[in-house]
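Single-letter residue listing:
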Amino acid sequence: MSSLTAFSFFLGGESMNCLLMSNCPWANTERCNSMCYIYAEFDYLLNNSNIPEGHKTFNEPINPTRDDYQSFVTLREIKTDIANFVEDGRFLYIWSHNTGNYKTTWAIKMVKTFLAVVSVGNNFQDRAWVEYIPTFLLLAKNFDDKETRQEHIHRAMTNDLVVLDDIGAVQNTNYDLTNLSSIIDYRYSNNLATIFTSNVSPVDLASVMGARLCDRITSDIVINLVGASRRSSTKTYTRGRKNS
């Protein structure tokens, strides 16, 4: 069952509940049903973008700390204008020394907004891709599964909007840098919109990725989030999903 289908349909011919309802002109009308082609397109795009399962259905508002307020304003502006951001081939580098303060959440919210925008008339074409870099670097060395390896490289290189998540998180070999350089150089040269997240500052990124690649990654919009982690733990157990 797909993630959107898992949101479930209401019985008795009433409207279904999906991630697009808040902005869809057909919401709560007779056209809001399982035959909706916008729903089908968005469902396809969402499930073919490599978005982690925990982020597919996460649609809660995220609120900034006082120190991150202006950064959140800028990120919200980019999200609202995501179609033009992609059309213009922009680069965005979201970084923080802290973990758990919505870097990846923001990046994926932008991807989901873009997918919603292009759902109408997309004809089931792949448009966006999310790549978690530490896992990708392991996958790129797996020559026993060349088909999966090549799909990830191709999608990360060519899709209209790509998130390269947690770049600089692991020590890179020369082979790792060659793979990352091929993707980033191609996207930079072909004006393909790319969002990077990282726990590495732009200054320190040069020592991790090399000066030339760092210069391209941080050549456009750079957002520094300084708020503490928003993840929380508990000493008790109740049924339900953990915090994202």
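Preceding this paragraph is the structure being described.
All figures in this text were calculated on a predicted structure; none of them were measured in a lab.

Cut-offs used in this document
- Residues numbered from 1 in each chain as written.
- Predicted model: local features only at pLDDT ≥ 70, side-chain atom pairs only at ≥ 80, totals over all residues.
- Heavy atoms only, no water.
- Helix = DSSP H or I, 4+ residues; strand = E, 2+ residues; numbered from the N terminus.
- Buried < 20%, exposed > 50% of the residue type's maximum accessible area, 1.4 Å probe, protein only.
- Contact = heavy atoms within 4.5 Å.
- Phe/Tyr/Trp six-rings, centres within 6.5 Å; stacked < 30°, edge-to-face > 60°.
- Pairing = 2+ DSSP bridges.
- Right-handed = clockwise from strand over helix to strand, strands pointing away.
- Core = buried A, V, L, I, M, F, W, Y, C linked by side-chain atoms within 4.5 Å.
- Salt bridge = Lys/Arg side-chain N within 4 Å of Asp/Glu carboxyl O.
- Polar contact = N/O pair within 3.5 Å; in protein donor to acceptor, adjacent residues only side chain to side chain.
- Expected span 1.5 Å × (residues − 1).
- Axes fitted to C-alpha atoms, helices over the stretch in contact; angles between N-to-C directions.
- Parallel < 35°, antiparallel > 145°, perpendicular 65-115°, else oblique.
- Left-handed = near helix turned anticlockwise from the far one by under 90°.
- Nonpolar A, V, L, I, M, F, W, Y, C, P; charged D, E, K, R; others polar.

A. Representation of the overall build of the protein in the model. From N to C terminus, the protein includes ten helices and five strands. Here the protein holds 244 residues, and 46% of them are scored as buried. Within the protein, contacts between residues separated by at least 24 positions form 79% of all contacts whose residues are at least 6 apart in sequence.

B. A look at unusual backbone geometry. Its identity is not glycine, yet asparagine 50 carries a phi of approximately 65°, on the positive side. Tracing the backbone through its elements, the reader meets asparagine 50 in the loop between α1 (37-47) and α2 (53-56).

C. Spatial organisation of the packing of aromatic side chains. All chains considered together, the criterion is met by six aromatic pairs. On the basis of an interplanar angle of 65° and a centroid distance of 6.4 Å, the ring pair of phenylalanine 72 and tyrosine 102 is categorised as edge-to-face. On the criterion of sequence distance, the pair formed by phenylalanine 72 in helix α3 (residues 69-80) and tyrosine 102 in the loop between β1 (91-95) and α5 (103-118) is long-range, its members being 30 residues apart. With centroids separated by 5.4 Å and ring planes inclined at 85°, the aromatic side chains of phenylalanine 72 and tryptophan 106 adopt a geometry described as edge-to-face. You can see phenylalanine 72 sitting in helix α3 and its partner tryptophan 106 sitting in helix α5, a full 34 residues away along the chain. Grouping residues by exposure puts phenylalanine 72 and tryptophan 106 together as buried.

D. The arrangement of the pairing of strand β4 (residues 193-198) in detail. With six of six residues buried, β4 is to be regarded as a mostly interior element. Across five bridges, β1 lies against β4 in parallel orientation. The partner of tyrosine 93 across the bridge, within β4, is phenylalanine 196. As paired strands, strand β3 (residues 161-165) and β4 are joined by four bridges and run parallel to one another. Across the sheet, residue leucine 164 finds its bridge partner in β4, namely phenylalanine 196. With helix α8 (residues 174-189) bridging β3 and the parallel β4, this β-α-β connection has right-handed handedness.

E. Representation of the nonpolar core within the structure. Membership of the largest hydrophobic core comes to 37 residues, with the highest contact counts inside it found for Phe85, Leu92, Leu161 and Ile195. The residues touching isoleucine 195, leaving out its near neighbours within four places in the chain, are Phe85, Leu92, Ile94, Ala107, Met110, Leu161, Val162, Val163 and Leu164. Counting residues in hydrophobic clusters, the runner-up holds 24 residues, among them Tyr93, Trp95, Phe136 and Leu137.

F. Geometry of the pattern of salt bridges. For the coordinates displayed, the defined rule picks out seven salt bridges. With a closest N to O distance of 2.8 Å, lysine 56 and glutamate 53 form a salt bridge. Note that lysine 56 and glutamate 53 are positioned in helix α2 at a spacing of three residues, about one turn of the helix. Overall, lysine 56 belongs to the buried group, its relative accessible area being 5%. A salt bridge links aspartate 176 to lysine 141, with the nearest nitrogen and oxygen atoms 2.6 Å apart. With a gap of 35 residues between them, aspartate 176 in helix α8 and lysine 141 in the loop between α6 (133-139) and α7 (146-158) connect regions that are remote in the sequence.

G. Main features of the environment of serine 96. Positionally, serine 96 belongs in the loop between β1 and α5. Its relative accessible area of 0% is what places serine 96 among the buried residues. Considering only alpha carbons, one finds serine 96 and valine 226, 130 residues apart in sequence, at a separation of 6.0 Å. With sequence-adjacent residues up to four places away left out, serine 96 is seen in contact with Asn101, Lys103, Ser198, Asn199, Val200, Asn224, Leu225 and Val226. A distance of 3.0 Å separates a polar side-chain atom of serine 96 from the backbone nitrogen of asparagine 98.

H. How the structure looks around α8. With 16 residues, α8 should reach 22 Å at 1.5 Å per residue; the first-to-last C-alpha distance of 21 Å fits that figure. Among all positions in α8, only Asp176, Asn179, Leu180, Ser181, Ile183, Ile184, Asp185 and Arg187 are buried.

I. Looking closely at the packing of α3 against α5. Two elements in contact, α3 and α5, have axes whose closest approach is 9 Å; the angle formed by their N-to-C orientations is 20°. Relative to α5, the element α3 lies roughly parallel. With respect to the hand of their crossing, α3 and α5 are arranged in right-handed fashion. Mapping the contact onto sequence places Phe72, Leu75, Arg76, Ile78 and Lys79 in α3 and Trp106, Lys109, Met110 and Thr113 in α5. Residue composition of the contact of α3 with α5, grouped by class: five nonpolar, one polar and three charged.

From the geometry alone we can't say anything about function, so treat these as descriptive.
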